[in-house]
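In case you want the letters, here they are:
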Number of protein chains: 2
Amino acid sequence: MEKLVSTTLADRAFDMLEAAIVSGELAAGERLSEAMLARRFGISRGPLREAIGRLEGKKLVERTTHIGPRVTSLAPEDLLELFYIREALEGMACRLAAEKLSAAGILELEALLAEQAKAADVNAGVGYFQAHGDHDFHFRIAEASGNRKLTNLLCGDLYSLLRLYRYRSSLRVGRAKTALNEHRAIIKALRSRNGDKAEEAMRAHIRNSRTSIEKALREAAVDAKELDGAVK
Amino acid sequence: MEKLVSTTLADRAFDMLEAAIVSGELAAGERLSEAMLARRFGISRGPLREAIGRLEGKKLVERTTHIGPRVTSLAPEDLLELFYIREALEGMACRLAAEKLSAAGILELEALLAEQAKAADVNAGVGYFQAHGDHDFHFRIAEASGNRKLTNLLCGDLYSLLRLYRYRSSLRVGRAKTALNEHRAIIKALRSRNGDKAEEAMRAHIRNSRTSIEKALREAAVDAKELDGAVK
DNA sequence: CAACTGCCAACTGTCAACAGTTTTATTGAC
DNA sequence: GTCAATAAAACTGTTGACAGTTGGCAGTTG
């Protein structure tokens, strides 16, 4: 048996499509032509269709009959709705992590945070932080919950959905430093092994993220209106 | 335009399969033969495959290459993990509902509860309560949250997953009356428009459900062990 | 010049057939 | 009688082709 890569074509198509979608290579709302994608991946339309079906089940693409599949496009309200879900789920994950995390695990988190602090300093807290560091931090805590279904839901489904919405990094200038402090508070709560405090620390963090985005969205809406008025 | 039912074959197959799975007609862990299902639905394997793909994305079926799709089977630990997720999400839904629910909405909930109380009395609180009433109650609150993504996640994905695990109703004897009281407490918190209280009331309710199931599972495990010993 | 009608190309939905793998049944040996 | 090996049956993965629908383009008409 040399076929260690016994993945089916549909599997590979699924992975490639998901990667292309969350990376933004396939823009939100873009129509996916089956024939084109089939040529691009070098496979037939059958497996491709199955892959698209799976993505549809994951809410990453939507379909309308005879017109074709499109990448799910998230309205600003949808993004905010997802943040309420994140607050609930990551709060729970953080509570569980506080009860289960090993001393070594906490040290790892602190090391990660120290690295982020450096990066945040270097970049004056703009893009990088949100892109990689924040992500990793939340990932680790989700995994530390020890709840596999919760971890999969957060890291697998929810985060790929969140990435569909590409907010301009300018929306978040100045948030990085605050967020870093909130991460410190979370680790402190984790170290105390207090589930209540850990959950509340995480929820406050995500709540603040949400209000920050809400504010940015309002400002963006105002700008758009002014621009619209100017054009007219 | 008389073709209001422009559903595709794959859509119908998806609906029928999902219904068959959550109703238990297709048992958990059962292997799904594509040819058999295609004959049964009177369609070809193409659309069927796509429907199965969607269910796979929804985590209702799992696939292994060249062996075929099987209905996802939930271990007891998986069930408990789902209850932690429920606690987080429904707690959040209840908080949002407390802030948004109209007076009329609260009256509807109370009416529903009164109906359940009658049914619970009649059946001495065994099967019916859990099967319909509890479900409806939680559904309504999820919808009242006003958060569409949250509602879909709870009512669409999570509940169909939960139904995969068919606990014998005997596991829950005596829980019905307690649960009814907990529902009353939830409504009381909703009426007070206090998000914190509403969230905590719902979380306590689901936590109690979980501990009740944990206890029942432990007892069932002991019984199984004794039975196993007797057989040997 | 604008709007409507009819046609055409492109695409999606569906199917039947082929290739490779797994499972089962049969056969033979010990 | 049991076990192993081989062959056949059944099933999944994949493909290419066909039918029905959608959207756009050109031509025509008011």
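Keep in mind that this is a model prediction, so the values were computed, not measured.

The subject of this paragraph is the relation of the copies chain A and chain B. Two copies of one chain are present, and they are related through a rotation about an axis combined with an axial shift. Overlaying chain A with chain B gives an RMSD of 0.1 Å, the required rotation being 180° about an axis along which the chain moves by 0.0 Å. Both copies of the chain, as the preceding transformation shows, are related through a two-fold rotation axis. The fraction of interface residues of chain A whose copies in chain B are also interface residues reaches 97%, indicating that both copies meet through the same surface.

What follows is about the pattern of salt bridges. All names here are of chain B. Taken as a whole and judged by the stated rule, the model has 58 salt bridges over all chains. With its nearest N and O atoms 2.6 Å apart, the salt bridge here joins Arg40 to Glu25. In this pair, Arg40 sits in helix α2 (residues 34-41) while Glu25 sits in the loop between α1 (9-22) and α2, placing the two residues 15 residues apart along the sequence. Overall, Arg40 belongs to the partly exposed group, its relative accessible area being 42%.

Moving on: the pairing of strand β2 (residues 68-71) of chain A. All names here are of chain A. The pairing of strand β1 (residues 61-64) with β2 spans four bridges and is classified as antiparallel. From the neighbouring strand, Thr64 faces β2, where its bridge partner is Gly68. In textbook terms, the turn of a hairpin is the stretch between consecutive antiparallel strands, and for β1 and β2 this stretch comprises three residues, one of which, His66, has a positive phi near 70°.

Residues and elements named next belong to chain A. Segmenting chain A into domains produces domain 1 (2-71) and domain 2 (76-221). Across the boundary between the two partners, domain 1 contributes 10 residues, which contact seven residues of domain 2. In total, about 620 Å² of surface goes out of reach between domain 1 and domain 2, with carbon and sulfur atoms giving 61% of it. Per-residue buried area on domain 1 facing domain 2 is highest for Val22, Lys58 and Leu60; these three make up 63% of the total on that side. Inspection of the domain 1/domain 2 interface yields one salt bridge. With a shortest N-O distance of 3.9 Å, Asp157 and Lys58 are connected by a salt bridge. At the surface where domain 1 touches domain 2, the tally comes to zero residue pairs in polar contact (both at pLDDT 80 or more).

The next thing to look at is the protein's contact with DNA strand C. Surrounding DNA strand C, one finds 19 residues, the nearest of these being Arg45(A), Arg49(A), Thr8(B), Leu9(B) and Ser44(B). Taking the atoms of DNA strand C that fall within 4 Å of the protein, sugar and phosphate contribute 78% of them. Glu34(A) is positioned with one of its backbone polar atoms (N or O) 3.4 Å from a phosphate oxygen of DNA strand C. In the environment of DNA strand C, a phosphate oxygen lies 2.6 Å from a nitrogen or oxygen atom belonging to the backbone of Leu9(B).

The partner chain B presents 31 residues to the 32 residues of chain A that form the contact. Both sides of the chain A and chain B interface together cover about 2,800 Å² of buried area, and 56% of this is carbon and sulfur. Three residues stand out in chain A for area buried against chain B, namely Glu50(A), Glu81(A) and Lys149(A), and they jointly supply 21% of the buried area on that side. Across the chain A-chain B interface, the total number found is 14 salt bridges. With its nearest N and O atoms 2.6 Å apart, the salt bridge here joins Glu199(B) to Arg203(A). Our count for the chain A to chain B interface comes out at 14 residue pairs in polar contact (both at pLDDT 80 or more). Elements represented by at least two residues in the side of chain A that touches chain B include exactly α3 (45-57), α4 (76-100), α7 (148-164) and α9 (195-231) of chain A. Split into classes, the residues belonging to the side of chain A that touches chain B amount to nine nonpolar, seven polar and 16 charged.

Procedures and definitions
Going along each chain's sequence as written, the residues are numbered from 1 onward. Here chains are named by letter from A upward and ligands by number from 1 upward, in the order in which they appear as written. Only residues with pLDDT of at least 70 get local features here, since the model is predicted, and only at 80 or more are side-chain atom pairs given and counted; chain-wide, interface and lining totals rely on the full set of residues. Computation of side-chain values: all heavy atoms of the structure, hydrogens and water removed. Superposing copies: least-squares fit, C-alpha atoms only, residues required to have pLDDT of at least 70 in both. Residue contacts follow a heavy-atom distance rule, with two residues in contact if any of their heavy atoms lie within 4.5 Å. In what follows, salt bridge is the name for a side-chain nitrogen of Lys or Arg lying within 4 Å of a carboxyl oxygen of Asp or Glu. Runs of H or I in DSSP of at least four residues are treated as helices and runs of E of at least two as strands, each being numbered from the N terminus. For every residue, the accessible area obtained with a 1.4 Å probe (protein chains only) is divided by the maximum for its type, and the residue is called buried under 20%, exposed over 50%, and partly exposed between those limits. One bridge is not enough; two strands pair if DSSP finds at least two bridges between them. A domain assignment, automatic or from a database, supplies the domain bounds used here. A 1.4 Å probe defines the accessible area here, and the buried area is the portion of it lost by two parts on being joined, summed over both. Polar contacts here mean pairs of N or O atoms no more than 3.5 Å apart (in protein, one a potential hydrogen donor and the other a potential acceptor; neighbouring residues in sequence count only if both atoms are side-chain atoms). Being near a molecule or strand, for a residue, means having at least one of its heavy atoms within 4 Å of it. Classes in brief: Ala, Val, Leu, Ile, Met, Phe, Trp, Tyr, Cys and Pro nonpolar; Asp, Glu, Lys and Arg charged; the others, Gly included, polar.

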